[in-house]
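Listed below are the residues making up each chain.
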Amino acid sequence: LIKLKDEGFFSYLESLISHSLACYNKRKNVLPMNLKEQQQHILSGAMYNDLTPELVEAREKTVFLTNCYNASFGQPASERHAILKEVLKSVGKNAHFEPTFRCEFGYNISIGDNFYANFDCVMLDSGGIEIGNNVLLGPRVGLYTSNYALDAWERNQRPAMPSRLRLATMSG
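Presented here is an overview of the structure given in this document. (Residues numbered from 1 in each chain as written. Predicted model: local features only at pLDDT ≥ 70, side-chain atom pairs only at ≥ 80, totals over all residues. Heavy atoms only, no water.)

### Description of the overall build of the chain
Summing up its helical and strand segments, the chain has five helices and 12 strands in all. The proportion of buried residues among the 172 residues of the chain is 33%. Considering only contacts within the chain whose residues lie at least 6 apart along the sequence, 34% involve residues at least 24 apart. Accessible surface for the chain amounts to roughly 10800 Å². Of this, 58% is attributable to carbon and sulfur atoms. (Helix = DSSP H or I, 4+ residues; strand = E, 2+ residues; numbered from the N terminus. Buried < 20%, exposed > 50% of the residue type's maximum accessible area, 1.4 Å probe, protein only. Contact = heavy atoms within 4.5 Å. Areas by Shrake-Rupley, 256 points an atom, 1.4 Å probe, with all protein chains shown as cover.)

### Comments concerning the pattern of salt bridges
Under the counting rule described, the total for this entry stands at two salt bridges. One salt bridge in this structure joins glutamate 104 and arginine 59, with 3.5 Å as the shortest N-O distance. Of this pair, glutamate 104 sits in the loop between strand S3 (101-103) and strand S4 (109-111) while arginine 59 sits in helix H3 (residues 53-71); the two residues are 45 residues apart in sequence, bridging distant segments of the chain. Considered together, glutamate 104 and arginine 59 belong to a single accessibility category, that of buried residues. The partner of arginine 140 in a salt bridge is aspartate 120, with the nearest N and O atoms 3.2 Å apart. Placement of the pair is arginine 140 in the loop between strand S8 (136-137) and strand S9 (142-144) and aspartate 120 in the loop between strand S5 (116-117) and strand S6 (121-124), with a sequence separation of 20 residues. (Salt bridge = Lys/Arg side-chain N within 4 Å of Asp/Glu carboxyl O.)

### Comments concerning the sheet that holds strand S2 (residues 96-97)
What holds strands together in a sheet is hydrogen bonding between their backbones, with the strands either parallel or antiparallel. The three strands are arranged S2-S5-S8 in an open sheet whose pairing can be described as parallel. The strands lining the two open edges of the sheet, one partner per strand, are S2 and S8. Where S2 lies against S5, two bridges are found, and the strand directions are parallel. Counterpart to phenylalanine 97 in the pairing with S5 is alanine 117. (Pairing = 2+ DSSP bridges.)

Written out as structure tokens, the structure reads:
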């Protein structure tokens, strides 16, 4: 056997194994959570598994609702607003999305009055999106509040990490 001269390698390997075991022990003590508990967990900023059955089902429901909203283009504003109220956490007066609007969950998005989003707006809202009054978004704007762990082992355990996004009122 060839003896490695660099003892620093073994220290690094030992710390990596220790970290991995700590993460594993922490993970195995996590109890299953219902959708409401998962929502609170995500909004706390903690890493989470975005492939739980509850979150997958919530995203599917949101796809159907945004399809309904997008298909309502050309209908009275009151009808379209009612659909947006089903999709989003809160929505102010005179909010409008050109087709197509997509979001991940919708229940973490708050929009103020006089909001306008041009074509192909995407909002991944796991970490929460708050948009103030009088905000205009250009075409193909994407607002993303999800990220993934950089460490491969952690990414395989809990793939997503939320962050919060706030857009203030535009003036001028």
